[in-house]
Amino acid sequence: MSKNLAGQNSTSARELELYFGPQHLGMVGNFSITLNVEGDRILEATANPGYLHRGFEKLMEYRTWIQNFPMVCRINVVEPDSMEMIYAMGVEKLASIEVPERAHYIRSIYLELARVGSHLFGLWAYANMLGFDTVAQWAMYHRDLILDLFEELTGGRVYHIYIWPGGVRRDFPSGFKDKIVNTLHSIGGCVPDYDATFFNNRLFYERAKKIGKITQEQAKQWGATGQTLRATGMKFDIRKVEPYAAYDKVDWDVPVRKDGDAYSRVWVIRDEMIESVHMIFKLLDAMPEGPVYNRIPNPFKWKIPKGQAYVRCESSRGELGLYLVSNGGDKPYRVHFRTPSYPNGLIVLEKLLKNASIADVGNIMISLYVVAPEIDR
Amino acid sequence: MKNEKLKIKKGSILSPFKAVNYLFKKPRTLRYPFESKEPALRYRGFHLNDWDKCTGCGNCADICPNDAIEMVEIPELESKPEQGIKNERPKLDYGRCCFCGLCVDICPAGSLRLSRDYFHIHFDTDTFTFLPKDEKSDKEHFLSSENYSILKASLAHRKQNYEGFSPDLDYSLFEPLRTTMPEVPPEQRKLSFIEQVIGYSKEEAKKEASRCLECKLCEEACPAHLKISDYIKAIYEDKPDESLRKIFEDNPIPSICGRICMKHCEAACSLSIRGEAVAIRWLKRFVADSIKDYKTALELKQAEPTGKKVAVIGAGPGGLSMAYFLTLKGHKVVVFDSLPGGGGMMRIGPPSYRLPIEAIDKDVDHIASLGVEFRFNTIIGKDILFEDILKEYDAVYLGIGTTVSRSTKIKNIDKARLALPFLQQNKIGSAIKVGKEIIVIGGGNVAMDVAREALRLQHMQYPGEKVVTKTVSLEDWDEMPATKEEIEEAKAEGIQFNPGWGPKEVEVEDGRVKGLSCVKVKSVFDEQGRFSPTFYEEKQMCLEGDMIIEAIGQAPDFSFLPKEFFEKLEFTPRRKVKVDENGMTTIPKVFAGGDIVNLNLDAVTAIADAKMAAEGIHKMLCASRSP
């Protein structure tokens, strides 16, 4: 890192407080970082969440179990689907609701589509930040194709409200399997273009290599999960560790990289997208016929027995956890989310920004895949 | 690291310029609004509501997580409580709506849907509240695709036939199917008077109670306005005592009503539109049966005695209810009835397989235990004179019902039997010796009772032999006044039906019934809907049978009333006793209710009448008490 600070070794130079965000071109989301800089070198970085606090966890205590479904997805704008999944898992665990086999497959396919869509969105942000506008536009376009699939399946483009306790809200419409396959083939067909223009591009290598480096030990200690952890060589994925939905029904692999820097993290994102696409094809082939929904009790009378549950799933950014408490009533007593961007965006980010250069703030932050609405709930 | 660098160097430095190719390809973006993408078939856009189907139940407003839906009264629409239709319709606030579609999945009628429209731009925020009304009747806002333009798209300019996210019973938030009521199968039940309906277990009752959406359409349909959703909720919450208390607020004879009520509530149940109504009657029966002792469960508080005395003539559902409500208010009530026990028509009419005597006595005994005096086996006009009662008591309630069976008055009909004496003797006397081939004249519920009872007697009296019971009714299948349920159950037991035939003459040979000759019915009602049957005289048939029972309706018996009182009693054009809003007849101090007053002719309406008249009597008695 000293490489970036050539000629800046005097600590007696004037320190400057610099606000990075919330209104900043390099910032994605309503989030800010206060930087203490000396020249181009960051002495200290303080992450400032709080611009996007909507009080979801509290609001959910005032809504019935089913009324929370349209709400919970809004916690994460980029990938609302894993939020639906985690809440459905929590409710199903507390209320002992069985999910039909086909619904498990549909959930997995749906979540993997969401992962691809989310990663494309992440790629847009990262490429955009590095100045690869063309690649960013491609990613955004391809994400839109995924949204078209969601629209067809669920009726909504961004907030799908599709995973439901007891299964999913509707079965696949006719011909939907082929549409998924066609869309994924057309996106997959562009992978060589992405590789040629971005992933194998020397510019990307020079900008991202050795930036924001984190060791496996540090990642574990700081609570980082997802790409941040997997980029340090650790094969850790909740889908493998504690399989849910239909993730244990097909064969797939967890992509990892060893170096723990921004370059590795972005490559993990790329590899995961490709792995997800392969997984969707396998799930589509293995998907059984049958019902997709076990009816939940009458929502006006639905009370969930007293108890508490902690459930976790692998969102596109890492381990997503939900702690759900019921006191036997028709509404949750307490809801708490453990979102992957929380450690990534607050702890890891602050540590990695220390001694980095100002030009790399966006690089590090976006490579950590921070989604601000997840931090502020 | 060195290797990686090498790997990267392998790629041509020009390879990123591959992207230039895309410059020569067709653009992927749409030039909106000149080009637009068709929303998906399931798209969740603005609401559509079929006003013809919508019942105004308000479940959409209840489930909305954002309070975006408000039920507004539409004065042009007619409320039809007996059909479960309110003149309220949902109004959307699109400033709040999040298009989740919970309202669609909870809509029991399936009227509320989401369309594929999603554009509304306006300076006036008031335009964002919107009353969805079906496109079929709204020609102003819903335009055919030729007249529609995306450039003007708004809530006031929408495309016709543009349905998106729609209700689907497989994914609905309510359970459309009822918990099956355990019953004795037809082959078994027709051999004895065993009660056909076994009754829900606690788990089954809870499961059935859990289906109720609490929209309260049933409460408006019920003549006595029972707090149905409250007592069902109490069952669901495992509080049978509270449920019983809720029932007793409006209906003091749940054990009887839980078996034979005509269940106007279930006809209005919003779940019955696309599924099966909540089994409200069976749930009431469950509560009544599961509580051994009403008195401890109810913890009733009786008012201080007022010293006023009220005579109730007739211990039927109306009379019993009147006695209950007035006793609670502190008045002394004496109930007169010619039968040896309480229940009135309930005691003699519904056969034991539908309403056993024990179920009646449970309700009657409870009312007696509150201090009501019952004088059974007492015939007014014979054992005690009406004028004496009127002198002795501060008020008199006539709950006499319709107790005389009507007859067809065809030739040789004196050889036939009448429904009520037949039912009465079998239920509270000794069983009548029946024939092997019985013909029942009539297509109403009493005719079904008679036929099904006769069939049981045949099976009991001629075990193993071939026996037949058939009904003949003027009305065809679709007009038959008996409930569908009764007809289906009778069919399952093997009753034969001859709908659309009018009895002409009882065929007699050697003084014994040989059969019934019938003539084909052309129409039953005239153009004004009045009963005036016409026949095809040339189409005749003869039903064979050795016993004929007439069950074509009942009439009230006013013979106990002395002439001077009967002359004072005024009747409505439909031959019903005229009462005022307090239930008082044109004879002062004399109140009336039940079958002689209302057109419904059922127990729950009699209870409703009694409740109203009890208020009237109480008001009158209180007024006379204070100087």
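It should be emphasised that the depicted structure is a prediction, and the values quoted were computed from it without experimental measurement. (Residues numbered from 1 in each chain as written. Chains lettered and ligands numbered in written order. Predicted model: local features only at pLDDT ≥ 70, side-chain atom pairs only at ≥ 80, totals over all residues. Heavy atoms only, no water.)

Peer 1: Which parts of the structure should I look at to understand the interface of chain B and chain A?
Peer 2: Counting from both sides, the interface comprises 50 residues of chain B and, opposite them, 49 residues of chain A. Summing both partners gives a buried area of about 4,200 Å² for chain B against chain A, and 53% of it is carried by carbon and sulfur. Inspection of the region where chain B meets chain A yields seven salt bridges. We note a salt bridge from Glu237 of chain B to Lys303 of chain A, for which the minimum N-O separation is 3.5 Å. (Contact = heavy atoms within 4.5 Å. Buried area = accessible area lost by both parts, 1.4 Å probe. Salt bridge = Lys/Arg side-chain N within 4 Å of Asp/Glu carboxyl O.)

Peer 1: Sorry, what's going on with the layout of surface pockets here?
Peer 2: Remark: the empty space left among the atoms is shown by a probe the size of a water molecule rolled over them. Looking at the second largest pocket, its volume works out to about 910 Å³. Taken together, 29 residues make up the lining of the second largest pocket; nearest its centre are Tyr141 and Asp144 of chain A together with Arg28, Thr29 and Leu30 of chain B. The set of elements that each furnish at least two residues to the lining of the second largest pocket consists of helix H5 (133–154) and helix H7 (191–199) of chain A. Broken down by element, the residue count for the lining of the second largest pocket peaks at 10 residues, all from H5 of chain A. When its residues are assigned to classes, the lining of the second largest pocket shows 15 nonpolar, five polar and nine charged. (1 Å grid on protein atoms, 1.4 Å probe; cavity = no way out; pocket = protein on both sides within 12 Å on 5 of 7 lines; lining within 4 Å. Points joined across faces, edges and corners; volume = space filled by probe spheres on them. Helix = DSSP H or I, 4+ residues; strand = E, 2+ residues; numbered from the N terminus. Nonpolar A, V, L, I, M, F, W, Y, C, P; charged D, E, K, R; others polar.)

Peer 1: Explain the confidence of the model for chain B here, please?
Peer 2: Caution is warranted with low-pLDDT regions, since their predicted coordinates should not be read in detail. Across chain B, the average pLDDT comes to 87, with 97% of residues at or above 70. Prediction confidence for the complex, expressed as pTM and ipTM, is 0.84 and 0.83 respectively. (pLDDT = per-residue confidence, 0-100.)

Peer 1: Help me out: how do you make sense of the side chain of Arg102 of chain A in this one?
Peer 2: Residues and elements named next belong to chain A. Mapped onto the elements of the fold, Arg102 is located in helix H4 (residues 101–130). On the basis of relative accessibility, which here comes to 7%, the residue Arg102 falls in the buried class. From its side chain, Arg102 meets the backbone oxygen of Pro288 in a polar contact 2.9 Å long. (Buried < 20%, exposed > 50% of the residue type's maximum accessible area, 1.4 Å probe, protein only. Polar contact = N/O pair within 3.5 Å; in protein donor to acceptor, adjacent residues only side chain to side chain.)

Peer 1: What is the right way to read a nonpolar patch on the surface from this model?
Peer 2: All names here are of chain B. Together, Leu14, Phe17, Val20, Leu23 and Phe24 give the surface a local cluster of nonpolar side chains, amounting to about 610 Å² of exposed area. Tracing the backbone shows Leu14 in the loop between helix H1 (2–10) and strand S1 (47–49). Given a relative accessible area of 57%, Leu14 falls into the exposed group. (Patch = residues over 30% accessible without salt bridge, like charges linked within 9 Å, V, L, I, M, F, W, Y side chains within 5 Å. Areas by Shrake-Rupley, 256 points an atom, 1.4 Å probe, with all protein chains shown as cover.)

Peer 1: Explain the nonpolar core to me, please; I cannot follow it from the model alone.
Peer 2: Generally speaking, soluble globular proteins have nonpolar side chains that are buried together. Judged by nonpolar contacts, the single largest core of 210 residues is most densely connected at Phe31, Ile33, Phe172, Ile180, Phe198 and Phe204 of chain A. If you tally residues by element for this core, the top one is H4 of chain A, at 15 residues. Membership of the second largest hydrophobic core comes to 25 residues, among which are Ala419, Phe422, Ile438 and Ala451 of chain B. (Core = buried A, V, L, I, M, F, W, Y, C linked by side-chain atoms within 4.5 Å.)

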